[in-house]
Amino acid sequence: MSTMTAQATQVYSLIIRATPEQVWDAITKPEFTTQYFFGSIIESTFEPGARYCGWSGDRSELFVDGEVIESTPPSRLVTTWRAMWQPDLSVEPASRVTWEIEPAGDGVSKLTVIHDHLEQAPQTALSVANGWTLVVSGLKTVLETGEPLIAGGME
């Protein structure tokens, strides 16, 4: 039997052929998120203090519950993150997700996603460790090709 652990701070970074504004829209608009974020509809006003939710495509299940901590379009979004898709995850304390978008050339951006404050949420850390790679790769693919990375939007 082996024990798996995941880092309490997880960092994912990539270059995308898209402007910071296009990347921001992909992060904040449901018509994009359903294509790369495991079919999730992300819902928020994206104002500090606003609720940040990730719903299943039919809105029958809450996948992520959080609050917007900081919102500086189109360069930075920080939210709390409480995983709700499994009962053992939903009892763990909230962690934090930071999306940083930087210009990286003409029509090119660098996206860095930092999921931290996972020290008290080890099951969440383990659960999201592989998921974020698919999410950021899927976001890049949707923006660069107009098609989801995985048919059906990774549901």
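Residues numbered from 1 in each chain as written. Predicted model: local features only at pLDDT ≥ 70, side-chain atom pairs only at ≥ 80, totals over all residues. Heavy atoms only, no water.

**Q** An account of the packing of aromatic side chains is needed here, citing residue identities and associated values.
**A** Enumeration according to the criterion identifies 8 aromatic pairs in this entry. Residues tryptophan 99 and tryptophan 132 carry aromatic rings whose centres are separated by 5.6 Å and whose planes lie at 75° to one another, so their mutual orientation is edge-to-face. Taken together, the residues tryptophan 99 in strand E6 (residues 95-103) and tryptophan 132 in helix H4 (residues 122-145) connect sequence positions 33 residues apart. For the pair formed by tryptophan 99 and tryptophan 132, the shared burial category is buried. (Phe/Tyr/Trp six-rings, centres within 6.5 Å; stacked < 30°, edge-to-face > 60°. Helix = DSSP H or I, 4+ residues; strand = E, 2+ residues; numbered from the N terminus. Buried < 20%, exposed > 50% of the residue type's maximum accessible area, 1.4 Å probe, protein only.)

**Q** Tell me about the pairing of strand E4 (residues 62-72), and please be specific about residues and values.
**A** Examined bridge by bridge, strand E3 (residues 51-55) and E4 share 5 bridges and lie antiparallel to one another. Each bridged residue has a counterpart across the sheet, and for cysteine 53 the counterpart in E4 is aspartate 65. The turn joining E3 and E4, which pair antiparallel and follow one another in sequence, is formed by 6 residues; a positive phi near 60° is taken by arginine 59. The sheet contact formed by E4 and strand E5 (residues 76-83) spans 6 bridges and is antiparallel. Bridge pairing in E5 places glutamate 70 opposite valine 78. (Pairing = 2+ DSSP bridges.)

**Q** Please provide a residue-by-residue account of the sheet that holds strand E7 (residues 109-116), values included.
**A** Across a sheet, strands are paired by hydrogen bonds formed along the backbone, either parallel or antiparallel in direction. Strands sit in the order E1-E7-E6-E5-E4-E3-E2 across an open sheet of 7 strands; the sheet is antiparallel. Looking along the sheet, the strands with just one partner apiece sit at the ends: strand E1 (10-16) and strand E2 (41-43). The mean inter-strand angle of the sheet, taken between neighbouring strand axes irrespective of direction, is 20°. In terms of strand pairing, E5 meets E6 through 6 bridges, oriented antiparallel. Looking at E6, one finds that valine 78 is bridged to threonine 98. Lying on the sheet, helix H1 (residues 20-28) is in contact with E1, E2, E4, E5, E6 and E7; it crosses E6 at an angle near 155°. (Axes fitted to C-alpha atoms, helices over the stretch in contact; angles between N-to-C directions. Contact = heavy atoms within 4.5 Å.)

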